[in-house]
Amino acid sequence: MNTLTKLIIIEAVILGLQIIMYFGCEIFQHNFHNVERPIDKKVPLVPWTVSIYSLWFPMIALFPITLYFFSREVYLMYQIAIVISNVVSTIIYIVYPTTFERQAPPDTFWGRVLKFIYAASYKGINCAPSLHCVHCYITIVAALMSVSMIIGLKVLFIAIAAGIIISTQLTKQHVLIDAITALPFAAINVIISVVIVYFYNGISLLEGLKL
């Protein structure tokens, strides 16, 4: 089995477990807390930004595979941070379930696309911290840490990640507190992953997988 195939399998497993945990935790949720604040009412709904928001899943699928070929250490740091984020956020969503009432999209092309995205979110819960934003913050850090990554790719992934963070607000998929709480949450997970990789020889994990 070649390296690319192994990376694709690893990514499929991580994303598969992420989906199971994200939607599976809804079974255990009760007493939802509304995280919307008056300031969120001042953020406009811009339906076309759903086109940027929709880049999230392709980004988290393709970025780590790309990252591996430039820096195995940063790749491992990224994956550990992502896994920690997925597990801990699931616990947070169960202990403190969050939601808010989304604004009805207009009856336009992008409005209908946005309605589809809302429907795909199922119950419109699991808001804070925003897992979209958490993954984007980690992507930005990993891209910056990868010294050998081609500058064009680095700028592309950082721009996409930053655009997705902004789009979570303009699509009304999240409110400000979701994006704000995601930042320190992502930072803590990155620090933990860096400690594991750089101080406890975490690279041996990749060697064990012959990557």
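Residues numbered from 1 in each chain as written. Predicted model: local features only at pLDDT ≥ 70, side-chain atom pairs only at ≥ 80, totals over all residues. Heavy atoms only, no water.

Caption draft 1: Local environment of the layout of surface pockets. Considered as a void within the structure, the largest pocket measures approximately 470 Å³ in volume. Lining the largest pocket are 20 residues, and of these Phe23, Tyr53, Trp56, Ser121 and His132 sit closest to its centre. Secondary structure elements with two or more residues in the lining of the largest pocket: helix H1 (3-24), helix H3 (56-68), helix H5 (109-120) and helix H6 (131-145). Looking at the lining of the largest pocket, the element that brings in the most residues is H1, giving 4 residues. (1 Å grid on protein atoms, 1.4 Å probe; cavity = no way out; pocket = protein on both sides within 12 Å on 5 of 7 lines; lining within 4 Å. Points joined across faces, edges and corners; volume = space filled by probe spheres on them. Helix = DSSP H or I, 4+ residues; strand = E, 2+ residues; numbered from the N terminus.)

Caption draft 2: Spatial organisation of the pattern of salt bridges. Summed over the entire model, instances satisfying the criterion amount to 2 salt bridges. A salt bridge links Lys41 to Glu36; its shortest N-O distance comes to 3.6 Å. The class for Lys41 is exposed, based on a relative accessible area of 63%. Residue Glu36 is classed as buried on the basis of its relative accessible area, which comes to 19%. Notably, a salt bridge pairs Asp107 with Arg112, separated by 3.1 Å at the nearest N-O pair. (Salt bridge = Lys/Arg side-chain N within 4 Å of Asp/Glu carboxyl O. Buried < 20%, exposed > 50% of the residue type's maximum accessible area, 1.4 Å probe, protein only.)

Caption draft 3: Quick look at the nonpolar core. Among the nonpolar cores identified, the biggest contains 43 residues, and Met59, Phe63, Leu67, Tyr78 and Ile138 are the most heavily contacted of them. Of all elements in the fold, only H1, H3, helix H4 (72-95), H6, helix H7 (151-170) and helix H8 (176-199) reach the threshold of two or more residues within this core. Looking at this core, the element that brings in the most residues is H4, giving 10 residues. Once you skip the residues sitting within four places of it in the chain, Ile138 turns out to touch Tyr78, Ala81, Ile82, Ser85, Ala186 and Val190. By size, the runner-up hydrophobic cluster in this structure holds 6 residues, among which are Val50, Tyr53, Leu114 and Tyr118. (Core = buried A, V, L, I, M, F, W, Y, C linked by side-chain atoms within 4.5 Å. Contact = heavy atoms within 4.5 Å.)

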